[in-house]
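Observations on the three-dimensional arrangement
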Amino acid sequence: MSLLGAASQLLEIVVALALAPLLLGWVNQWRAWLQNKSAPGLLPYRVLHKLFHKDSVIAERASPLFRAAPYIVLGCMTLACGIIPMLAIDLPLATAADAIALVGLFALARVFISLAAMDVGTAFGTLGARREMLIGFLAEPALLMVLFTAALISQSTSLTTIVDTIAHRDLAIYPSLAFAGVAFVMVSLAENARVPVDNPATHLELTMVHEALILEYSGRHLALMEWAASLKLFAYSCIGLALFFPWGVAEAQVPSALLLALPILMVKLAIGGVLLAFLETVSAKMRIFRVPEFLGTAFMLAVIGMLIHLLLET
Amino acid sequence: MPWVGWAVLIGVLASAGLPPLGGFVSEWLLLQSFLFTPGLPNSFLNMLIPVVAALIALIAALAGYTMVKFFGVIFLGQPREEKLSQAHDAGAWERAGMIWLVGGCVLLGLLPVQFILMIDPVTRLLVGAGLGETVAASGWLLAPVSMERANYGPVIFLAGVAASFGLAFLLVRRLYHGRLRRAAPWDCGYPWQTSRMQDTAEGFGQPIRQIFEPFFRSERHLPSPFDATPRYQVTVGDHFWHWLYLPVAAAIERAAKLIGLLQQGRISVYLVYSFVTLIAVLVWVTR
């Protein structure tokens, strides 16, 4: 582990923590603009600041699990952002977890957020937990299949090796990666509670998933949950960029490459955010029992991508 | 029941295959072996292997759902039955019985290399090859083939989550405050919440059954909204039972009935059978 490696690791985590609310604000800003509304782009920061200052009110019968869950979820998401090679390839933490462990990390956070929602024993909490686990159960295999396609191309499940391999190929369109890319977009919409699967801007009991999970939280606990949710969106965007558009990630062991990688990442994320907002604006929320079809399609596309790789590209 | 609750929580996380506990290591190794199986002779079989990996991923995700259902319905929320409110925590010996199991889950998860080295002689004896040498070379990290191929460091993993947990906790306390107030649950402003309004195991698993309805023979009787004494009844059967086992059972029963015609229960009939058999054998021998 070199000094620069440790520095880039630290920089990556700090950048993720600092920029994640900005990405969420940017997406919401564009959604508002596309609907002819106006919205302050820095709203997530203000919300976090306000929530941290407020008292935390929790239910009388809430257990310690309920209070610990926001910290665990935030910890999982921070580690996830540290593993994904978004700025540099030389990451000391990347030895802790490969692509499969990354999926496990997201699953760990999901299980804790669902258990915390069931902890108080309200009808909405269990409803949210049930739906979240349902969506997670369907999305997780599809995400694994997408990562497997990339892993088979680079003959490694280590994320840094995957990015290194894909960035160093000749510029050619891989049909398997195209299928995997479509599947990945569908999975990340579902996992991040975005529009076709869940509407982040509603508290309507028939439709909400993510909001039902964090309904009982307030004050600093809610702030941590919101921050973790924006980190999750950030992490998923960075996985997408790392798998499908890995150009611009610092490979050389020099500080200047690292500093150049940051603006490139921000430009890529900005473009991705606009596309996400556009996608959300043109699609409508679907019924909860249509979600299995949606995610089943994503799973099938990912499996087809992997089979195409095995048939045509080996 | 704090002791039982926390011990079961760790067990639940391990059986759901979540890092950094025991179940995840085996899931990880299984998926790795499916991904990088060195070329089988038949290309069709080669293609089939990732599809099986997909199935395993599906099963692992379903395990998470099941375990959340198990823990959430039993340990979280309010007791739905009267006698459950008098549940008490485990005694000293009962705790000891759970703690060594919890220790197993945690140690298997955190020290996979050491455990693989321990069982290495057995795999060598059975299949003639083992992971021992390659695994031992990488020390604390689990890297079954090489560091470039795949690696997983459960200790670093746990340290990473724990460090960000602790840092977040300290920073929130230091920069803001730790004020906490207890109040009635919010639940979208509905104050007459009773324990009957939360999910049962039946309710929590209902979406899965609805999605996979074609795979089951389920019959549901739903009460109407105006029912004064609503009753809900569901019977879930297995297609295989009706398509395979019941026809086979019916065929055997029919055959048994035919054979049953022979059994008249009278000594004279059985003497006739013996006599006929004797004649037949004699005819066959003398021919």
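The text that follows walks through the structure, step by step, so that each part is easy to find. (Residues numbered from 1 in each chain as written. Chains lettered and ligands numbered in written order. Predicted model: local features only at pLDDT ≥ 70, side-chain atom pairs only at ≥ 80, totals over all residues.)

**So, the overall build of chain B**
Just so we agree on the cut-off: Segments assigned H or I by DSSP are reported as helices when at least four residues long, segments assigned E as strands when at least two residues long, and all are numbered from the N terminus. Atoms counted for the radius of gyration: C-alpha only. Globule rule: 2.2 Å times the number of residues to the power 0.38. Once C-beta atoms are placed from the backbone, any two residues with those atoms within 7 Å are in contact.
Each helix and strand in chain B was counted, giving 10 helices and three strands. Along chain B, helices and strands appear, N-terminal first, in the series α-α-α-α-α-α-α-β-α-β-β-α-α. In terms of overall dimensions, chain B is more spread out than a globule: its C-alpha atoms have a radius of gyration of 30 Å, far above the 19 Å expected for 287 residues. Taking the contacts inside chain B whose residues are at least 6 apart along the sequence as the reference set, 53% of them involve residues at least 24 apart.

**With respect to the overall build of chain A**
Counted only if it meets this: Exposure classes come from backbone-placed C-beta atoms, where a residue is buried if 20 or more other C-beta atoms lie within 10 Å of its own, exposed if 12 or fewer do, and partly exposed in between.
Within chain A, the regular secondary structure consists of 11 helices and one strand. For a compact globule of 314 residues, the expected C-alpha radius of gyration is about 20 Å, and chain A comes in at 19 Å, within 12% of that figure. Principal-axis analysis of the C-alpha atoms places the extent of chain A at approximately 55 × 45 × 40 Å. Going through the 314 residues of chain A one by one, you find that 61% of them count as buried.

**Some details on the interface of chain B and chain A**
Applied cut-off: Ten residues, namely Ala, Val, Leu, Ile, Met, Phe, Trp, Tyr, Cys and Pro, are considered nonpolar, four, namely Asp, Glu, Lys and Arg, are considered charged, and the remaining ones, Gly among them, are considered polar. Pairing between two strands requires that DSSP report at least two bridges joining them.
Taken together, the contact between chain B and chain A spans 63 residues of the former and 68 residues of the latter. Looking at the side of chain B that touches chain A, the elements with two or more residues in it are α2 (22–35), α3 (43–75), α7 (154–175), β1 (180–183) and α8 (201–211) of chain B. Looking at the side of chain B that touches chain A, its residues break down into 42 nonpolar, 14 polar and seven charged. In the sheet, strand β1 (residues 56–59) of chain A pairs with β1 of chain B via four bridges, with the strands oriented parallel. Paired with I58 of chain A across the two strands is R182 of chain B, which belongs to β1 of chain B.

**Here's the deal with helix α1 (residues 2–15) of chain B**
Here is the rule: For a helix, the expected span equals 1.5 Å multiplied by the residue count minus one.
The terminal C-alpha atoms of α1 of chain B lie 20 Å apart, and with 14 residues this matches the ideal 20 Å at 1.5 Å per residue to within 8%. Considered for burial, the residues of α1 of chain B that qualify are A7, G11, V12, L13 and A14 of chain B. Summarising the contacts, the buried residues of α1 of chain B are in contact with α4 (99–119) of chain A together with α2, α3 and α4 (92–110) of chain B. Directly beyond the C-terminal end of α1 of chain B, a positive phi value near 70° is found at G17 of chain B.

**Quick notes on the packing of helix α1 (residues 3–34) of chain A against helix α3 (residues 64–83) of chain A**
All names here are of chain A. Cut-off, in case you're wondering: Throughout, an axis means a line fitted to C-alpha atoms (over the contacting stretch in the case of helices), and angles, computed between N-to-C directions, take values from 0 to 180 degrees. Comment on the angle field: the value is read as roughly parallel under 35 degrees, roughly antiparallel over 145, roughly perpendicular from 65 to 115, and oblique elsewhere. Each crossing is labelled by how the near helix is turned from the far one, with a counterclockwise turn of less than a right angle marking it left-handed and a clockwise turn marking it right-handed.
Orientation of α1 relative to α3, taken along the N-to-C sense of each, is 130°, at an axis distance of 9 Å. With respect to α3, the element α1 is oriented oblique. Read as a crossing pair, α1 and α3 show a hand that is right-handed. Counted together, Q9, E12, I13, A16 and L17 of α1 and T78, C81 and G82 of α3 form the full contact between these two elements.

**Observations regarding the packing of α3 of chain A against helix α9 (residues 219–244) of chain A**
Geometry of a packed helix pair, given as the angle between the helix axes and the separation of the axes. Residues and elements named next belong to chain A. Running from N to C, α3 and α9 point in directions that differ by 25°, and their axes come no closer than 9 Å. As the angle between them shows, α3 and α9 are arranged roughly parallel. The hand of the α3/α9 crossing is left-handed. Where α3 abuts α9, its residues R67, P70, Y71, V73, L74, M77, T78, A80 and C81 lie against H221, L224, M225, W227, A228, L231, K232, F234 and A235.

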